Amino acid sequence: MEGYRLEKTVLAAAYHFIREHERIVGQHPTGLMFNKYMVLLNRHLEGLGKDMKLPHCWYRWGDEVIAYAFRDYVAFNREGTYLTTAEWLGDDVPLEPRMPYSKEISSFTADFIRERSGKEGSEIAVDETYDGAPYDFQRNYRMVRENLREARHSHVDPREGMLPELFKKAMDSFPRGFKDVEESKDHFRILFEAALSKNADLDDLFYMSEDFWFMFCYHLRLKKNYNATEETLRIWKAAKEEGDAKFEEILQDLAHAFAADSEDRWVKEAIAARERHIRDYEALLDEFYNDDQVSG
C-alpha cells in the first residue's frame, strides 16, 4: 500500500501527547482521546492559519486520523469491544522549541490533558469534534445512537421518550450529495419506523441504527477526507461497495422481521429476494450433500 510521509510536526505532536498523557495521567491515552486530540489540535492550528497536513477523515466515531498513516509510530491496542489504547511505537520525536508551532502544540496539549481527561472530559472532546462536523445529519444521528446506547444500559424504553422524534429529525436532515445512499436510506427509514411501531427489542433497534450508520460512513469518509493517498481512497471505495452489498442483505432480513405485513412494493420485493437467496442456498447445500454421498 502506498506510504504516508507524515510531517515531523505531526509526529512530534503525537509523541508529545502520548508521553505527556502517560506522565500526567499515568496510563496510555485511549484511541478515542488520541484521535480527538490530533484532530482538535489540527483544527486549532488551522484557525491560526497553520497547516500540519494531518491525514484524517470523518468516519464512524467522528473526525479521526487515518490510522494506517500512523502504523509505524502508534499502536492502537484493543482492550475491549469499544476500547483501544494508543501506544507510541517509533523512535522518539520530542517536541523541540525550533519546530514549527511548538509553542502552540505544547500549550494545547497541556490544556487538553488537564481539561479532557476522564469520562466527562472525553465526552466534551467528542462534542467539540462534532461541533465541526460538515453535516447536521452527523450531529442529529449521533443523538439517535446515544439515545439507544443509553437506553440499553438504563433499561428505559426510548420509544416512550425522545427516540421517534430524534430519528425523524435525523432522517429529515440527511444531506444532499449522497445520491448512492438515498434509496437505502429511504428503505432503512421504512423498516426502522416499522420496528418502532412493533415494539422491537432495544438490541434490535440499536444494531439496526448501527448497521445503517456504518454503511453511511463508508461513503462519508470518501467525501470528507484530508491528505489521504490515492491508494487509501481506492481501498475505501472497494470497502464501500462491499458494505453496500452487505447492507442490502441486512435490509432484506429486516423487512422479513419487521414489515412482513407491509403493502409497500419495495418491502415485498426485498422479502421475495430474501426467500430466493434462501432457496438458492438450500439448493446449494443439497447439491453439496448429494455429491458427498455419491463420492462416499
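Residues numbered from 1 in each chain as written. Predicted model: local features only at pLDDT ≥ 70, side-chain atom pairs only at ≥ 80, totals over all residues. Heavy atoms only, no water.

Caption draft 1: Up close: the environment of His28. Mapped onto the fold, His28 is located in the loop between α1 (8-25) and α2 (31-47). Overall, His28 belongs to the partly exposed group, its relative accessible area being 32%. Taking the C-alpha atoms as reference, His28 lies 18 Å from Val39; in sequence the two are 11 residues apart. Here the side chain of His28 touches Glu22 through a polar contact of 2.7 Å, side chain to side chain. (Helix = DSSP H or I, 4+ residues; strand = E, 2+ residues; numbered from the N terminus. Buried < 20%, exposed > 50% of the residue type's maximum accessible area, 1.4 Å probe, protein only. Polar contact = N/O pair within 3.5 Å; in protein donor to acceptor, adjacent residues only side chain to side chain.)

Caption draft 2: Examining the environment of Arg114 more closely. Considering the arrangement of structural elements, one finds Arg114 in helix α3 (residues 102-116). Residues Arg114 and Ala259 lie 145 residues apart in sequence; the distance between their C-alpha atoms is 50 Å.

Caption draft 3: Fine view of the packing of aromatic side chains. All chains considered together, the criterion is met by 32 aromatic pairs. Ring geometry for Phe178 against Phe216: centres 4.9 Å apart, planes inclined by 40°, an arrangement best described as tilted. With Phe178 in the loop between α6 (163-172) and α7 (179-197) and Phe216 in helix α8 (residues 202-223), the pair connects residues that are 38 residues apart, well separated along the chain. Both residues of the pair, Phe178 and Phe216, belong to the buried class. (Phe/Tyr/Trp six-rings, centres within 6.5 Å; stacked < 30°, edge-to-face > 60°.)

Caption draft 4: Summary view of the packing of helix α4 (residues 118-131) against helix α5 (residues 136-154). Packing of α4 against α5 brings their axes to within 9 Å, and their N-to-C directions diverge by 145°. Of α5, the residues touching α4 (which contributes Glu123, Val126, Asp127, Tyr130 and Asp131) are Gln138, Arg139 and Arg142. A breakdown of the residues in the contact of α4 with α5 according to their chemical character gives two nonpolar, one polar and five charged. (Axes fitted to C-alpha atoms, helices over the stretch in contact; angles between N-to-C directions. Contact = heavy atoms within 4.5 Å. Nonpolar A, V, L, I, M, F, W, Y, C, P; charged D, E, K, R; others polar.)

Caption draft 5: Here's a closer look at the nonpolar core. With 87 residues, the main nonpolar core has Phe34, Phe70, Phe137 and Phe188 as its most contacted residues. With 11 residues, α8 is the largest single contributor of residues to this core. Beyond its immediate chain neighbours, meaning those up to four positions away, Phe70 contacts Leu6, Val10, Ala14, Phe34, Met38, Leu54 and Val65. (Core = buried A, V, L, I, M, F, W, Y, C linked by side-chain atoms within 4.5 Å.)

Caption draft 6: Spotlight on the sheet that holds strand β1 (residues 56-59). Read across the open sheet, the three strands follow the order β2-β1-β5; overall the sheet is antiparallel. Only two strands of the sheet have a single neighbouring strand rather than two, namely β2 (62-65) and β5 (225-226). The pairing of β1 with β2 spans four bridges and is classified as antiparallel. When the bridges of β2 are listed, Tyr59 appears paired with Gly62. (Pairing = 2+ DSSP bridges.)

Caption draft 7: Structural context of α6. Within α6 the residues assigned to the buried category are Leu163, Leu166, Phe167, Ala170 and Met171. Summarising the axial view, the buried residues of α6 lie within an arc of 125°, below the 170-degree limit, and thus occupy one face. What points out from α6, more than 90 degrees from its buried face, is the exposed set Glu165 and Lys169. Packed against the buried residues of α6 are α5, α7 and α8. (Arc of directions from axis to C-beta.)

Caption draft 8: Highlighting the pattern of salt bridges. Tallied over the entire structure, the rule returns 26 salt bridges. Here Asp186 makes a salt bridge to Lys185, at a shortest N to O gap of 2.9 Å. Looking at Asp186, the relative accessible area reads 37%, which means it is partly exposed. By relative accessible area, which is 9% here, Lys185 ends up buried. One network of salt bridges, with partners in common, ties together Asp111, Arg114, Glu115, Arg116 and Glu128. (Salt bridge = Lys/Arg side-chain N within 4 Å of Asp/Glu carboxyl O.)

Caption draft 9: The arrangement of α8 in detail. End to end, α8 covers 32 Å across 22 residues, agreeing with the expected 32 Å (1.5 Å per residue, within 8%). For α8, the side-chain oxygen to backbone nitrogen distance between the N-cap and Asp203 is 2.9 Å, and the N-cap itself is Asp201. (Expected span 1.5 Å × (residues − 1).)

Caption draft 10: Representation of the state of the cysteines in the model. Overall, the coordinates contain zero disulfides when judged by the stated rule. Sulfur of Cys57: no disulfide; nearest cysteine sulfur belongs to Cys217 and is 9.3 Å away. Since its relative accessible area comes to 3%, Cys57 is described here as buried. We classify Cys217 as buried; its relative accessible area is 0%. (Disulfide = S-S within 2.5 Å.)

Caption draft 11: Main features of the pairing of strand β3 (residues 74-78). Looking at chain direction, β3 and strand β4 (residues 84-88) are connected through five bridges and run antiparallel. Along β4, the bridge assignment pairs Ala75 with Glu87. Taking the residues between adjacent antiparallel strands as the criterion, β3 and β4 are bridged by five residues.

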